[in-house]
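# Fold and contact review
Now for the letters of each chain:
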Amino acid sequence: MKIEKHCSLKPYNTFCIDVEATELVTLQSQEDYAQLVGSQYLKGKNYFVLGGGSNVVFTRDFDGVVVRSEGGSVRLLEHRDGHYFVEADAGVLWDDFVRHCVANEWFGVENMVSIPGTVGASPVQNVGAYGVEAKDVIESVHLFDIETGEKRTMRNADCGFGYRWSVFKGALKGRCLVDRVVFRLDEHYTPKLNYQALRNVLNERGMDNPTAQQVCDVVAEVRASKLPDPKVIGSAGSFFKNPVVPAAEAERLKAEYPELVSFPVDQQHTKLSAGWMIEKAGWKGRDRGQVGVYEKQALVLVNRGGCTGDEVRQMADAIIADIMARFGVRLELEAIML
Ligand code: EPU
């Protein structure tokens, strides 16, 4: 494993915030994982396991060890009962994994193309887009328990998946080092078109019965039209979660704001579009110092050039307070502030 001292984290977080970690450990192979955990290198130290750095905002230098994985491969383990069981190493880029699956006609992940980050981070926050979440395709997660040094396999049902949530953000927070994820993909393609915005684009193009490749291409295009390219503009994707509120509260709000975009979750709960509320409150395209609300998607905060984590926090706090005052709804961060 590679150990670097006093290392800038700027290349490793998509918000491009220039802070330093006391130590940066990079894992590049299965042996590296075993060595890191077996040697108890992290024992008694403050540490943080970083994925692709696409969901984290550093507000200060990290006084401790940042661990990240890099590289790896995707392997077909088994083909049975109409499914492909495919294993990917934690350091593989999520988008490379999706495109590899689509090219091989292993179906189920195509709606999640272009999400920044790594395979290892995908179960942690149950990434999702366009009507599909990682939990829909994850079979099992292989990890090391950093505290006990044990190797564990968590089956899908053990992972406590929810909307941008899992046990790895809850009871097991900070304890796990994911080294591989096994996905259960389909042999036959069934388009997953429950996301209205995706259906609309496909309909406009006359794609009534799209292939997985077509869906993948359309999602990539739609995302590129409203989300900043992390290689060009620093951001952490959606900065806030879409709040889930009691259905009665959503009804009350919709009576006042009939255009409020919402999605039913179950009979008792409704998910509200945070982007719509932030836009309605007049924040879209606004800057404060070097932090901005992205002009094409109000759920995204962007780095206008050399912003600090503190500036991001101040902007987020101001938006949360304003949305609470106007709509009586508390926004929660999707991004992790450190
Ligand atoms: N909207 C606005 N103004 C805005 C943004 C959105 O009015 O500035 C309304 C529009 O009506 C739009 C609707 O909200 O049609 C939904 O917007 P969008 O399709 O962009 O989705 P989102 O709810 O804002 C979520 C995820 C995204 C994911 C998309 C597509 C969260 C926190 N975000 O955003 O995930 O790509 O759906 O599935 O759930 C991420 O997590 O980083 C991320 C980008």
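## Overview of the overall build of the protein
- Helix and strand counts for the protein stand at seven helices and 20 strands.
- Taking 20 Å as the expected radius of gyration for a compact globule of 338 residues, we find that the protein reaches 20 Å, a close match to that expectation.
- Each principal axis of the C-alpha atoms in the protein carries an extent, and together these give about 60 × 50 × 35 Å.
- Looking at the 338 residues of the protein, the share that counts as buried comes to 50%.
- Across the protein, contacts joining residues at least 24 apart in sequence account for 59% of those joining residues at least 6 apart.
- Both charge centroids of the protein, one from 39 positive and one from 46 negative side chains, sit 3 Å from each other.

## Observations concerning the site of the ligand
- The full set close to the ligand counts 23 residues, and Tyr130, Tyr163, Tyr195, Glu279 and Gln297 are the nearest of them.
- Within the side chain of Asn242, one N or O atom sits 2.8 Å away from an oxygen atom of the ligand.
- The protein chains hide 84% of the 810 Å² of surface that the ligand would expose on its own.
- Elements with a contribution of two residues or more to the shell around the ligand: α4 (212-226), β13 (234-238) and α6 (274-280).
- Top contributing element to the shell around the ligand by residue count: α6, with three residues.

## With respect to a negative patch on the surface
- A surface patch of negative charge is lined by Asp18, Glu20, Asp61 and Asp63.
- Summarising the element assignment, Asp61 is placed in the loop between β4 (56-57) and β5 (62-69).

## Examining the sheet that holds strand β2 (residues 20-27)
- Taken together, four strands build an open sheet; the order of strands is β1-β2-β5-β3 and the sheet is mixed. A single partner strand is all that each edge strand has here, and the edge strands are β1 (2-8) and β3 (47-50). Direction aside, neighbouring strands of the sheet carry axes that sit 25° apart on average.
- Sheet topology places β3 next to β5; four bridges connect them, and they run parallel.

## Structural notes on the packing of aromatic side chains
- Under the counting rule described, the total for this entry stands at 14 aromatic pairs.
- For the ring pair Tyr130 and Tyr195, a centre distance of 5.0 Å and an interplane angle of 70° mean the geometry is edge-to-face. A residue pair is termed long-range when its members are at least 10 positions apart, and Tyr130 in the loop between β8 (128-129) and β9 (132-133) and Tyr195 in the loop between β12 (176-186) and α3 (196-204) qualify at 65 residues.
- Assessed through its relative accessible area of 10%, Tyr130 is described here as buried.
- By way of ring pairs, the aromatic residues Phe15, Phe239 and Phe240 are connected into one cluster.
- It is Lys45 that lies over the ring of Tyr41; its NZ or CZ is 3.7 Å from the centre.

## Section: unusual backbone geometry
- Phi is positive for Cys16, close to 60°, though the residue is something other than glycine.
- Relative to the elements of secondary structure, Cys16 occurs in the loop between β1 and β2.
- Given the relative accessible area of 27%, Cys16 is considered partly exposed.
- Although it is not a glycine, Gln40 adopts a positive phi angle of roughly 55°.
- With respect to the secondary-structure elements, Gln40 resides in the loop between α1 (30-38) and β3.
- When its relative accessible area of 44% is taken as the criterion, Gln40 is described as partly exposed.

## What about the domain arrangement of the protein?
- Each assigned domain of the protein is listed here: domain 1 (2-69), domain 2 (74-186) and domain 3 (234-337).
- Computed from C-alpha coordinates alone, the two centres of domain 1 and domain 2 are separated by 21 Å.
- Counting residues at the interface gives 15 residues for domain 1 and 19 residues for domain 2.
- Together, the buried faces of domain 1 and domain 2 total about 1200 Å²; carbon and sulfur atoms form 66% of this surface.
- Our count for the domain 1 to domain 2 interface comes out at zero salt bridges.
- On the surface where domain 1 and domain 2 come into contact, there are three residue pairs in polar contact (both at pLDDT 80 or more).
- Looking at the side of domain 1 that touches domain 2, the elements with two or more residues in it are α1, β3 and β5.

Calculation rules
For every chain, the first residue of the written sequence is number 1, and numbering continues from 1 along that sequence. pLDDT decides what is reported in this predicted model: residues at 70 or higher carry local features, side-chain atom pairs at 80 or more are listed and counted, and totals for whole chains, interfaces and linings draw on all residues regardless. Each side-chain value is derived from all of the structure's non-hydrogen atoms; neither hydrogens nor water enter the calculation. Only DSSP runs of H or I reaching four residues or more are called helices, and only runs of E reaching two or more are called strands; each is numbered from the N terminus. It is over C-alpha atoms that the radius of gyration is taken, and the globule rule equals 2.2 Å times the number of residues to the power 0.38. In this scheme, a residue with accessible area under 20% of its type's maximum is buried, one over 50% is exposed, and one in between is partly exposed, where area comes from a 1.4 Å probe on protein chains only. Residue contacts follow a heavy-atom distance rule, with two residues in contact if any of their heavy atoms lie within 4.5 Å. Charged residues are defined here as Lys and Arg on the positive side and Asp and Glu on the negative side; His and the ends of the chain fall outside this count. In plain terms, the charge of a residue is placed at NZ if it is Lys, CZ if Arg, CG if Asp and CD if Glu. Any residue with a non-hydrogen atom lying within 4 Å of a molecule or strand is treated as near it. In protein, a polar contact requires one atom able to donate a hydrogen and another able to accept it; more generally it is a pair of N or O atoms within 3.5 Å, and residues adjacent in sequence count only if both atoms are side-chain atoms. The protein chains shown are the only cover counted for residues, whose accessible areas, like all others here, come from Shrake-Rupley with a 1.4 Å probe. Only residues whose relative accessible area exceeds 30% and that take part in no salt bridge are eligible for patches, with like-charged residues grouped when within 9 Å of each other and nonpolar side chains (Val, Leu, Ile, Met, Phe, Trp, Tyr) grouped when within 5 Å. One side-chain nitrogen of Lys or Arg within 4 Å of one carboxyl oxygen of Asp or Glu is enough to make a salt bridge. When DSSP locates at least two bridges between a pair of strands, those strands are taken to pair. Axis definition: a line fitted to C-alpha atoms, limited for helices to the stretch in contact. Angles are taken between N-to-C directions and run from 0 to 180 degrees. Centres within 6.5 Å make a pair out of two Phe, Tyr or Trp rings, where for Trp the six-membered ring is used; the pair is then stacked when the planes are under 30 degrees apart, edge-to-face when over 60, and tilted otherwise. Note on geometry: a ring has a charge over it if NZ (lysine) or CZ (arginine) is within 6 Å of the ring centre and within 35 degrees of the ring normal. By convention here, the domain bounds are inherited from an automatic or database domain assignment. Two parts lose some accessible area (1.4 Å probe) when they are put together, and adding that loss for both gives the buried area.

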